[in-house]
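Listed below, chain by chain, are the residues.
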Amino acid sequence: LFDGVYPFYPQQRKAAVFDISTVVVIAVFLTLAFSFLLIIAGIRGRARLYWTLRVLLSLSVGAMIVAVQFTRDWETGWVQANTSYKSFSAAQVTADVGLHIGLAGVNITLRGKPVKQINETIDYNEHFPWNFGADYEHSYSEGLEKGLPSPILYVAEKFSRQSPCAVHRQYRTASHYASAMLWVASCTWIVSNILLSMPVLVYGGYMLLVTGAFTTFSLLSFSTVRSSPMCLIKIGSRTLHVAYGGSFWLVLAIGLLCFVVGITIVAMHHLNLDLLKTFFDLHEDKAEEYQEMPEVFISPHSVNKGL
């Protein structure tokens, strides 16, 4: 030991506190929101309230559409059990085993109850990617070489290509198309904001409906993994079950919100266009809108000459 540390061996992996990509997305949209709030401070009257509501609502929808691409809780499951800690060892530990499935891969969490057991700190959070361009088998092999705890390797093996469960390809394909649908939804969200800032509000409403449709398609794509039964994941004497997580239900809420706002804009366009223009600060003065044409004086000589 060198100051209580093994100098020639990799140290134990600690549980991740947060995901860097998600934090970056949130920071970017918070910066945009703060910038718009500075601009809104210069708007007077009731239009300030309308601008604040539109900007915050729009940025919230855009941030959630992009952020769920990097979250890891589309499907989640937890189980507490007594299980073996490492291979070729009879030591048993009491721990919580968590499974977190995202669009880019799977996270497996192992947290001791208590954290300090058998002279070790049991607190792991390992990520195994399956997105296109990543090698799940290589990540699993690295886990074997590092000597990760048996529960993590056991759960990770269920999602490998060689597993009899045969869910790797299905999860990978479904996640890929769900991610693609969400990226298209983010593009249609941008287009809808551009159209809503112009005097073509009804088309902005249509693009919000398209955004809601693509978010719904992403949910349908990801839910296809339920078409085949999942192998039982036995941790000790307990079984780990997974269910749709927060990101799945968040995308569903975003899709419903886009449908509601889009339908409202289209309906207001046909029922009360003036009120819709007032809310989007595009209301024109009726005196200018219905102004009379100026009088035109025509010379009688020109008329006779034309005849």
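What counts and what doesn't
Residues numbered from 1 in each chain as written. Predicted model: local features only at pLDDT ≥ 70, side-chain atom pairs only at ≥ 80, totals over all residues. Heavy atoms only, no water. Axes fitted to C-alpha atoms, helices over the stretch in contact; angles between N-to-C directions. Helix = DSSP H or I, 4+ residues; strand = E, 2+ residues; numbered from the N terminus. Parallel < 35°, antiparallel > 145°, perpendicular 65-115°, else oblique. Left-handed = near helix turned anticlockwise from the far one by under 90°. Nonpolar A, V, L, I, M, F, W, Y, C, P; charged D, E, K, R; others polar. Contact = heavy atoms within 4.5 Å. Buried < 20%, exposed > 50% of the residue type's maximum accessible area, 1.4 Å probe, protein only. Patch = residues over 30% accessible without salt bridge, like charges linked within 9 Å, V, L, I, M, F, W, Y side chains within 5 Å. Areas by Shrake-Rupley, 256 points an atom, 1.4 Å probe, with all protein chains shown as cover. Salt bridge = Lys/Arg side-chain N within 4 Å of Asp/Glu carboxyl O. pLDDT = per-residue confidence, 0-100. Core = buried A, V, L, I, M, F, W, Y, C linked by side-chain atoms within 4.5 Å. Pairing = 2+ DSSP bridges. Disulfide = S-S within 2.5 Å.

1. Side note on the packing of helix H6 (residues 201-223) against helix H7 (residues 246-271)
Two numbers describe a pair of packed helices, the interaxial angle and the distance between the axes.
Here is step 1: It is at 8 Å that the axes of H6 and H7 come closest, and there the two elements cross at 155°. Here H6 is positioned roughly antiparallel relative to H7, judged by the angle of their axes. The handedness of the crossing between H6 and H7 comes out as left-handed.
Here is step 2: Considered class by class, the residues forming the contact of H6 with H7 number 17 nonpolar, 10 polar and no charged.

2. A few points about the environment of leucine 103
Here is step 1: Relative to the elements of secondary structure, leucine 103 occurs in the loop between strand S2 (92-101) and strand S3 (105-117).
Here is step 2: In this structure, the C-alpha to C-alpha distance between leucine 103 and tyrosine 177, residues 74 residues apart in sequence, is 9.3 Å.
Here is step 3: Ignoring any residue separated from it by four or fewer positions in sequence, one finds leucine 103 in contact with Val68, Gln69, Thr71, Trp74, Trp130, Ser175, Ala178, Ser179, Leu182 and Phe222.

3. What to know about helix H4 (residues 150-158)
Here is step 1: Buried residues dominate H4, accounting for seven of its nine residues.
Here is step 2: Along H4, the positions that sit buried rather than exposed are Ser150, Pro151, Ile152, Leu153, Val155, Ala156 and Lys158.
Here is step 3: Buried positions along H4 lie against strand S1 (75-84), S2, S3, strand S4 (120-129), helix H3 (136-146) and strand S5 (233-235).

4. Things to note about a nonpolar patch on the surface
Here is step 1: Side chains of Ile20, Val24, Val28, Leu32, Phe36 and Ile39 sit close together on the surface and give an oily, nonpolar patch of about 530 Å² of accessible area.
Here is step 2: Tracing the backbone shows valine 24 in helix H1 (residues 20-40).
Here is step 3: The partly exposed category is assigned to valine 24, whose relative accessible area is 46%.

5. A short note on the pattern of salt bridges
Here is step 1: A complete count under the given rule lists three salt bridges for this structure.
Here is step 2: For lysine 113, the salt bridge identified is with aspartate 96, shortest N-O distance 3.8 Å. Placement of lysine 113 in strand S3 and of aspartate 96 in strand S2 is noted, with a sequence separation of 17 residues between them.
Here is step 3: With relative accessibility at 41%, the residue lysine 113 sits in the partly exposed group.
Here is step 4: On the basis of relative accessible area, aspartate 96 is assigned to the buried category, the value being 13%.
Here is step 5: For arginine 111, the salt bridge identified is with aspartate 123, shortest N-O distance 3.9 Å. One end of the pair, arginine 111, is in strand S3; the other, aspartate 123, is in strand S4, with 12 residues separating them in the sequence.
Here is step 6: The exposure class assigned to arginine 111 is partly exposed, which follows from its relative accessible area of 34%.
Here is step 7: Since its relative accessible area comes to 21%, aspartate 123 is described here as partly exposed.

6. Structural notes on the confidence of the model for the protein
In low-pLDDT segments, the atomic positions of the prediction should not be examined closely.
Here is step 1: Across the protein, the average pLDDT comes to 81, with 84% of residues at 70 or higher.
Here is step 2: Within the model, the stretch residues 285-294 combines pLDDT values under 50 with three contacts to residues more than four positions away or in other chains.

7. A word on the nonpolar core
Here is step 1: In terms of nonpolar packing, the biggest core is built from 40 residues, with Trp74, Leu99 and Phe159 touching the most fellow members.
Here is step 2: Of all the elements, S2 adds the most residues to this core, at five residues.
Here is step 3: Setting aside chain neighbours within four positions, we find leucine 99 in contact with Glu75, Thr76, Gly77, Val106, Asn107, Ile108, Val155, Phe159, Ile233, Leu240 and Val242.
Here is step 4: Counting residues in each nonpolar core, the second largest holds 15 residues, with Val25, Val61, Ile65 and Trp189 among its members.

8. A few points about the sheet that holds S3
Here is step 1: Reading across the sheet, the five strands line up as S4-S3-S2-S1-S7 and stay open at both edges, with antiparallel pairing between neighbours. This sheet does not close on itself; its edge strands, each paired only once, are S4 and strand S7 (243-244).
Here is step 2: Judged from the nine bridges that link them, S3 and S4 form a sheet pairing that is antiparallel. By the bridge assignment for S4, leucine 110 is matched with tyrosine 124.
Here is step 3: Along the sheet face, H3 touches S3 and S4 and points at about 160° away from the line of S4.
Here is step 4: Docked against the sheet, H4 engages S1, S2, S3 and S4, running at close to 160° with respect to S3.

9. Regarding the state of the cysteines
Here is step 1: Counting across every chain of the model gives one disulfide.
Here is step 2: Note that cysteine 165 is cross-linked by a disulfide to cysteine 231, the S-S spacing being 2.2 Å. Linking cysteine 165 and cysteine 231, the disulfide has an S-S dihedral of approximately -140° and is accordingly described as left-handed. In this pair, cysteine 165 is assigned in the loop between H4 and helix H5 (168-196) and cysteine 231 in the loop between H6 and S5, connecting sequence segments 66 residues apart.
Here is step 3: Taking the relative accessible area as the measure of exposure, cysteine 165 reaches 10% and is therefore buried.
Here is step 4: Judged by relative accessible area, cysteine 231 falls into the partly exposed class, the value being 27%.

10. Points about the environment of histidine 168
Here is step 1: Tracing the backbone through its elements, the reader meets histidine 168 in helix H5.
Here is step 2: The contact partners of histidine 168, leaving out residues within four places of it in the chain, are Trp130, Tyr136, Phe159, Ser160 and Arg161.

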